[in-house]
Structures are given as C-alpha cells and as structure tokens.
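The lines below spell out each chain.
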Amino acid sequence: MTPTPGQPSVALNDGRRIPALGLGVWQVPDADVAGVLSVALDAGYRHVDTATIYRNEAGVGDALAHGPPDVFVTTKVWNSEQGYESTLRAFEASAARLRRDVIDLYLIHWAAPRRDLYVDTWRALVRLREEGRARSIGVSNFTLAQLKRIIAETGVVPTVNQIELHPRFAQTELRAANASLGIATESWSPLGQGRVLNDPVVQRVAAKHSRTPAQVVIRWHLDQGLVVIPKSATPSRIAENFQVFDFHLDAEDLAGLAELDQGEAGRLGEHPDDH
Ligand code: NAD
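Residues numbered from 1 in each chain as written. Predicted model: local features only at pLDDT ≥ 70, side-chain atom pairs only at ≥ 80, totals over all residues. Heavy atoms only, no water.

1. Here's the deal with the sheet that holds strand β5 (residues 72–77)
Let me state the cut-off plainly: Pairing between strands is defined by DSSP: at least two bridges between them are needed. Secondary structure elements follow DSSP: runs of H or I no shorter than four residues count as helices, runs of E no shorter than two count as strands, and numbering proceeds from the N terminus. Only heavy atoms matter for contacts: two residues are in contact if any of them lie within 4.5 Å across the pair. Helix axes are fitted to C-alpha atoms over the stretch in contact, other axes to C-alpha atoms as well, and angles between N-to-C directions run from 0 to 180 degrees.
In space, the eight strands of this open sheet follow the order β3-β4-β5-β6-β7-β8-β9-β10, with parallel pairing throughout. Whereas interior strands pair on both sides, the edge strands pair on one side only; in this sheet they are β3 (23–24) and β10 (227–228). Sheet analysis places strand β7 (residues 134–140) next to strand β8 (residues 160–164), joined by two bridges and oriented parallel. For Val139, the partnering residue across the bridge sits in β8 and is Asn161. Sheet contacts for helix α6 (residues 172–181): β8 and β9 (184–188); angle to β8, the most-contacted strand, approximately 175°.

Spelled out as structure tokens, the structure:
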C-alpha cells in the first residue's frame with residue numbers, strides 16, 4: 001500500500017514503507033474494535049496494529065471492509081502457534097478473520113525461546129512473503145541474540161522489531177542494534193500504558209508547545225524515527241493522538257525527556273527471555 005500523502009512513513013529494508021503512526025488495539029474487545037477503528041480511520045489513521053492473541057482480528061476486519069482501501073494492517077503469530085506448518089495455518093486463520101488475502105506486516109509476537117521454534121516460525125514467514133501473502137515480515141520482542149540467530153540461519157533480516165519503548169524505557173541499546181542490522185524499531189506501549197503522561201517533564205514540554213502530554217510523547221517517538229502505535233478506545237483521544245504532524249520537539253525538549261529513562265527498571269512488560 002502507499003501511505004496517505006502528508007502522513008509520515010518509515011522506510012523498511014524490503015523497499016516498502018510503514019505509516020509512522022498507527023492505532024494499537026490490544027485490550028479493545030472484538031465487539032468494540034470495529035467502532036474504535038472506524039473512528040480512527042475517520043480521523044486519518046491508515047495503520048492498525050493487532051495480533052491473534054488480541055482476539056479482535058474479526059472486528060478489525062469488519063472496520064477494514066467498510067473503510068478506505070489503503071490501510072496498513074499488522075498482525076502477529078501467537079506463541080502457541082509457532083512452528084513452520086502451524087504458523088502457515090495461523091496466518092490463513094488471521095487473514096480470513098481480517099478478510100484480507102494479503103497482510104501488510106506479519107510479525108512473530110515473541111521469540112518464546114523455551115519453545116525454541118522461532119527459527120522454523122521465521123522460515124514460515126519468509127515463505128509467506130515469497131508467496132506474496134505477507135508484504136513485509138518482522139518480529140516483536142526479539143533480543144539482539146535472537147535477531148542474529150534468525151538472520152544467520154535464514155539469511156533474511158526482519159523489516160521491523162516491535163518492542164516495548166517509551167520515555168521511561170528508551171531501549172537505547174536494542175534500538176541501536178536494530179538500526180545497525182537495518183531493522184526499523186516500532187514502539188509498543190509508547191505512552192507507557194498512560195503512566196508517563198503525568199510526569200512533570202512531559203507536562204512541562206506539553207505546556208511549552210501548547211500540546212497535550214500524549215501528543216508530546218507520540219512526537220518523541222516520531223522525532224526519533226520510531227514507528228509508534230498508541231492505543232485508545234476513546235474517540236477524543238484517538239483524534240488527539242493523531243494531531244501530531246504540525247509540531248516538533250527541540251533539542252532541549254529531547255534532552256529533558258531523555259532524563260526519564262530508567263533502563264530495565266522502566267520496563268512494564270515481561271522480559272523477552274522470560275516469555
Ligand atoms: P499505550 O502506551 O499506547 O497506552 C495506552 C493507554 O494510554 C490507554 O489505555 C489510555 O489509558 C492512555 N491514553 C491513550 N491516549 C491517551 C490520551 N490522549 N490522553 C490520556 N491518556 C491516553 O499502551 P498499550 O496499549 O500497551 O500499547 C499500544 C499498542 O502496542 C497496543 O495496543 C498493541 O497494539 C501494541 N502492543 C504490542 C505488544 C507486543 O508484545 N508486541 C505488547 C503490548 C502492546
């Protein structure tokens with residue numbers, strides 16, 4: 001797909017582009033997600049991030065069926081479906097629920113190293129891309145060691161590594177590692193699940209730009225070349241989170257926000273090696 005003109009996008013290592021801002025729909029119930037996504041599409045979003053485990057692909061598919069044709073869709077294979085054949089089956093089920101023959105970006109949700117199936121799973125994604133069923137393929141929650149292993153065993157570099165990333169958990173090292181491999185970094189829980197919005201530094205920068213804290217944090221991601229997928233089910237917040245293309249943070253703002261990074265202590269989700 002071609003990103004909507006005027007909407008920033010990030011180049012992927014397969015020659016495609018991904019809209020830099022998308023709607024995350026984790027924890028949005030299947031019965032509600034079509035309405036939520038329709039609000040976002042009306043507000044201008046052209047990118048949605050779902051996953052098999054969110055159990056809302058069918059509702060996402062409903063909104064897509066009635067929405068504009070140029071929406072970039074990401075979904076993910078869940079841990080219990082890893083393995084070559086089972087991943088191919090999982091893809092077909094996701095594509096059917098989403099009512100799309102072709103998925104823009106298909107990700108391995110977690111490496112789940114204890115299962116030790118992620119290399120075979122990656123081979124299935126490579127096949128899906130070769131067959132044109134997934135336009136781009138990537139991973140989520142992969143450590144540098146896990147990235148190196150799939151690249152060494154298949155020769156195929158993921159386009160994206162979608163990882164937890166927000167001002168309190170800035171992931172400086174993994175971000176640099178992704179970049180050195182040519183992998184785009186996508187930020188999940190980009191607002192720290194809403195918890196970074198009360199931070200006084202965020203609030204100060206927001207006041208300076210006459211913006212909201214959420215807009216400042218989303219801008220923090222965009223200004224660093226990250227793909228960002230904030231979640232909201234509230235129409236006014238969905239719109240607010242998209243009104244971010246007409247301002248930038250300056251060096252002083254970025255330096256202040258850099259102070260919020262707590263390293264590992266800022267992590268909200270599980271460590272990928274424990275999943
Ligand atoms: P988030 O950081 O996007 O925070 C969402 C919460 O922030 C909302 O529930 C709401 O409470 C608050 N919020 C949002 N907009 C706001 C606004 N304008 N003003 C005030 N509060 C606001 O958290 P998230 O949902 O965990 O992450 C976003 C997306 O990332 C998910 O929906 C999902 O698509 C993806 N994700 C992926 C993984 C993975 O393992 N790959 C894990 C978690 C999330």
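2. Let's talk about the packing of helix α5 (residues 144–154) against α6
Selection rule: With respect to orientation, any angle under 35 degrees is reported as roughly parallel, any angle over 145 as roughly antiparallel, any angle of 65 to 115 as roughly perpendicular, and every other angle as oblique. In this scheme, a crossing is called left-handed if the near helix is turned counterclockwise away from the far one by less than a right angle; it is called right-handed if the turn is clockwise. Each residue gets one of three labels, nonpolar for Ala, Val, Leu, Ile, Met, Phe, Trp, Tyr, Cys and Pro, charged for Asp, Glu, Lys and Arg, and polar for the others, Gly among them.
At a closest axis distance of 10 Å, the pairing of α5 and α6 adopts a crossing angle of 20°. In terms of axis orientation, α5 runs roughly parallel to α6. Regarding α5 and α6, the two cross each other, and that crossing is right-handed. Counting all contacts with α5, which are made through Leu144, Leu147 and Ile151, the residues of α6 involved are Leu174, Ala177, Asn178 and Leu181. When the residues that make up the contact of α5 with α6 are grouped by side-chain class, the tally is six nonpolar, one polar and no charged.

3. With respect to the pairing of β9
Threshold: Partly exposed describes any residue whose relative accessible area lies between the buried limit of under 20% and the exposed limit of over 50%, with all areas from a 1.4 Å probe on protein chains only and scaled to the type maximum.
For β9, the buried fraction is high: five of the five residues fall into the buried class. Residues of β9 alternate between two faces, with Ala184, Glu186 and Trp188 on one and Thr185 and Ser187 on the opposite face, all of them buried. In the sheet, β8 pairs with β9 via five bridges, with the strands oriented parallel. When the sheet's bridge partners are listed, Ile163 is paired in β9 with Ser187.

4. A look at the site of the ligand
Operational definition: We call a residue near a molecule or strand whenever a single non-hydrogen atom of that residue lies within 4 Å of it. A 3.5 Å cut-off defines polar contacts: any pair of N or O atoms within that distance qualifies, except that in protein one atom must be a possible hydrogen donor and the other a possible acceptor, and neighbouring residues in sequence count only when both atoms are side-chain atoms. Residue burial considers only the protein chains on display, and all accessible areas are found by Shrake-Rupley using a 1.4 Å probe.
Surveying the vicinity of the ligand reveals 26 residues, the closest of which are Asp49, Ser140, Ser189, Leu191 and Asn241. In this structure, Asn141 approaches the ligand through a side-chain N or O atom, which is 2.9 Å from an oxygen atom. Protein chains shield 87% of the accessible area of the ligand, which is 840 Å² for the free molecule. The biggest single contributor to the shell around the ligand is helix α9 (residues 235–242), with three residues. When the residues that make up the shell around the ligand are grouped by side-chain class, the tally is 11 nonpolar, 10 polar and five charged.

5. Some details on unusual backbone geometry
Backbone geometry at Arg99 places phi at a positive 55°, although glycine is not the residue there. With respect to the helices, strands and loops of the structure, Arg99 is situated in the loop between α3 (84–98) and β6 (103–108). Since its relative accessible area comes to 48%, Arg99 is described here as partly exposed. The phi dihedral of Ser210 is positive, around 55°, even though this residue is not glycine. Inspection of the secondary structure assignment puts Ser210 in the loop between α7 (200–209) and α8 (213–222). Using a relative accessible area of 65% as the deciding quantity, one classes Ser210 as exposed.

6. Examining the nonpolar core
Here is the rule we go by: Grouping buried Ala, Val, Leu, Ile, Met, Phe, Trp, Tyr and Cys residues that are joined through side-chain atoms within 4.5 Å yields what is termed a nonpolar core.
Of all hydrophobic cores here, the largest spans 80 residues; its most connected members are Leu37 and Trp122. Residue contributions to this core peak at seven residues, all from helix α4 (residues 118–130). With sequence-adjacent residues up to four places away left out, Trp122 is seen in contact with Ile108, Ile137, Gly138, Val139, Ile150, Thr154, Val156, Val157 and Pro158.

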